[in-house]
Amino acid sequence: MTEQTLFIVKPDAVARHLVGQIIARFETKGFKLIKLKMFTFTKSQAQEFYSVHSSKPFFGELVDFITSGPVVVAIIEGNNAVATTRILVGATKSYEAAPGSIRGDFGLGISDNIIHASDSKDNFEKEAKVVFE
Ligand code: CMP
């Protein structure tokens with residue numbers, strides 16, 4: 001089923017010049033790029049983007065990190081995009097992520113875990129509004 005999802009190359013990965021390699025993973029897999037931009041989150045944009053985590057103890061750290069430098073956000077389209085993208089991205093804790101996944105191959109951190117991807121169609125729609133509207 002063709003659907004869309006969103007991913008964000010986080011500040012740690014942009015600073016490490018991994019943008020091209022990360023986008024290539026999705027293009028090589030067969031996804032089509034629909035939208036792409038580089039920007040820096042404002043605090044209020046980040047709080048809205050991550051509002052599902054607002055009650056978590058790491059919320060402040062999460063907002064501080066995602067606003068710490070430029071990110072690259074993409075909307076991609078393809079078969080089963082939401083779930084397949086989560087598989088390509090790997091486990092949240094990069095140090096536990098399987099080799100072959102993006103986090104497993106490129107990172108060791110939790111806040112600095114290289115990439116974010118929408119975890120549902122509803123969250124994709126909400127997140128796309130925050131970053132593209
Ligand atoms: P992401 O996929 O962007 O979605 C929410 C983020 O919260 C997650 O990646 C991590 O970067 C971050 N996160 C999850 N758990 C923790 C934690 N225990 N401590 C700090 N950050 C966390």
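A brief report on the enclosed structure follows. Only a predicted model underlies this, so the values are computations on that prediction, with no experimental measurement involved.

The full set of residues close to the ligand is K10, Y50, H53, F58, E61, L62, T92, R103, I110, S111, N113 and H116. Residue K10 places a side-chain N or O atom 2.7 Å away from an oxygen atom belonging to the ligand. A distance of 3.1 Å separates an oxygen atom of the ligand from a polar side-chain atom of N113. Looking at the shell around the ligand, its residues break down into four nonpolar, five polar and three charged.

We now examine the environment of E96. Note that E96 resides in the loop between α5 (81–89) and α6 (102–106). Sequence-wise, E96 and G107 are eleven residues apart; in three dimensions their C-alpha atoms are separated by 9.7 Å.

What follows is about the sheet that holds strand β3 (residues 71–79). Within the open sheet, the four strands sit side by side as β2-β3-β1-β4. Their pairing is antiparallel. A strand with exactly one partner marks an edge of an open sheet, and here the two such strands are β2 (32–39) and β4 (115–117). The mean inter-strand angle of the sheet, taken between neighbouring strand axes irrespective of direction, is 20°. With eight bridges joining them, strand β1 (residues 2–9) and β3 adopt antiparallel strand pairing. The residue of β3 that forms the bridge with T2 is N79. Docked against the sheet, α5 engages β1, β3 and β4, running at close to 35° with respect to β1.

The rules we used
Residues numbered from 1 in each chain as written. Predicted model: local features only at pLDDT ≥ 70, side-chain atom pairs only at ≥ 80, totals over all residues. Heavy atoms only, no water. Near = heavy atom within 4 Å. Polar contact = N/O pair within 3.5 Å; in protein donor to acceptor, adjacent residues only side chain to side chain. Nonpolar A, V, L, I, M, F, W, Y, C, P; charged D, E, K, R; others polar. Helix = DSSP H or I, 4+ residues; strand = E, 2+ residues; numbered from the N terminus. Pairing = 2+ DSSP bridges. Axes fitted to C-alpha atoms, helices over the stretch in contact; angles between N-to-C directions. Contact = heavy atoms within 4.5 Å.

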